[in-house]
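Here are the chains, one letter per residue:
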Amino acid sequence: MIATASAVGDFPRVQLMVMLLVTGTVFWVAHVYAHLAGERLVGRPVGRAEVRRAGRRELPIIEAAVLPAAALAVSPLLGLGPSGAVWFALSVTGAQQFSWALFGALNAGASRTQAVIEGLVNVFFVLLIVAAKAALGH
């Protein structure tokens, strides 16, 4: 979202932060809904407890938007202009991707080497997004 929004125009930091958080929330709602719809399709009842479980399980989607939004919020304190703030937020996102992949793999029982490889694969995907942003001239 950061790369796409900054490629189509210059948004004030606060607007970009709101876009990040709203997009994360919309994706969270969509994932929770998809999970609950799947439960209904297989004939399982969907009560409040299941809605809460699905909401908690998908919470990392919202959490993923918080650190980049925080990076945008603190960017003026670091002396970053609008473009620098966007690159800083993208960097934070890349660090998040690497960390989540690394710790997720380790938690699942992967070796350290496998975990680092998974982290690097995630960084590769972030770099693809950054390359697309750079190719669009921002």
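Please refer to the structure higher up on the page.
What counts and how
Residues numbered from 1 in each chain as written. Predicted model: local features only at pLDDT ≥ 70, side-chain atom pairs only at ≥ 80, totals over all residues. Heavy atoms only, no water. Helix = DSSP H or I, 4+ residues; strand = E, 2+ residues; numbered from the N terminus. Contact = heavy atoms within 4.5 Å. Salt bridge = Lys/Arg side-chain N within 4 Å of Asp/Glu carboxyl O. Buried < 20%, exposed > 50% of the residue type's maximum accessible area, 1.4 Å probe, protein only. Arc of directions from axis to C-beta. Expected span 1.5 Å × (residues − 1). Core = buried A, V, L, I, M, F, W, Y, C linked by side-chain atoms within 4.5 Å. Axes fitted to C-alpha atoms, helices over the stretch in contact; angles between N-to-C directions. Parallel < 35°, antiparallel > 145°, perpendicular 65-115°, else oblique. Left-handed = near helix turned anticlockwise from the far one by under 90°. Nonpolar A, V, L, I, M, F, W, Y, C, P; charged D, E, K, R; others polar.

Some thoughts on the overall build of the protein
A count of helical and extended segments in the protein gives 6 helices and 0 strands. Walking the protein from its N terminus toward its C terminus, one meets helices and strands in the order α-α-α-α-α-α. Over its C-alpha atoms, taken along the principal directions, the protein stretches across nearly 50 × 40 × 30 Å. Within the protein, counting contacts between residues at least 6 apart in sequence, those at least 24 apart form 57% of the total.

Re the pattern of salt bridges
Taken as a whole, this structure holds 2 salt bridges when the rule is applied. Measuring nitrogen to oxygen at the nearest pair gives 2.9 Å for the salt bridge that ties Glu 50 to Arg 53. Linking Glu 50 with Arg 53, this pair stays in helix 3 (residues 48-57), spanning 3 residues, or about one helical turn. Between Glu 50 and Arg 57 there is a salt bridge whose closest N-O contact spans 3.5 Å. Of the residues examined, Glu 50 reaches a relative accessible area of 11% and is grouped as buried.

Brief notes about helix 3
Looking at helix 3, one finds that the buried residues are Glu 50, Ala 54 and Gly 55. For helix 3, the buried positions fall inside an angular range of 135 degrees around the axis, keeping them on one side. Opposite the packed face of helix 3, turned more than 90 degrees from it, sit the exposed residues Arg 48 and Arg 56. In this structure, the buried residues of helix 3 make contact with helix 2 (13-41).

Remarks on helix 2
With 29 residues, helix 2 extends 42 Å from end C-alpha to end C-alpha; this agrees with the ideal 42 Å at 1.5 Å per step. When we look at burial in helix 2, the residues that qualify are Leu 16, Leu 20, Gly 24, Val 32, Leu 36, Ala 37 and Glu 39. Looking one or two residues past helix 2, Gly 43 carries a phi angle of roughly 85 degrees, positive in sign.

A short note on the nonpolar core
In a soluble, globular protein the nonpolar side chains are often hidden away together inside. With 13 residues, the main nonpolar core has Ile 2, Leu 20, Leu 72, Val 86, Ala 89 and Leu 90 as its most contacted residues. Considering every element that reaches this core, the biggest residue donor is helix 5 (residues 82-107), with 5 residues. Contacts of Ala 89, omitting those with residues within four sequence positions, involve Ile 2, Pro 68, Ala 71 and Leu 72.

Let's talk about the environment of Ala 73
Summarising the element assignment, Ala 73 is placed in helix 4 (residues 60-74). With a relative accessible area of 41%, Ala 73 lands in the partly exposed category.

Quick look at the packing of helix 2 against helix 3
Running from N to C, helix 2 and helix 3 cross one another at 135 degrees; their axes reach a closest spacing of 9 Å. Judged by the inter-axis angle, helix 2 sits oblique to helix 3. In terms of crossing hand, the pair formed by helix 2 and helix 3 is right-handed. Each of Trp 28, Val 32, His 35, Leu 36 and Glu 39 in helix 2 lies in contact with helix 3, whose residues at this interface are Glu 50, Val 51, Ala 54, Gly 55 and Arg 57. Of the residues contributing to the contact of helix 2 with helix 3, the split by class is 5 nonpolar, 2 polar and 3 charged.

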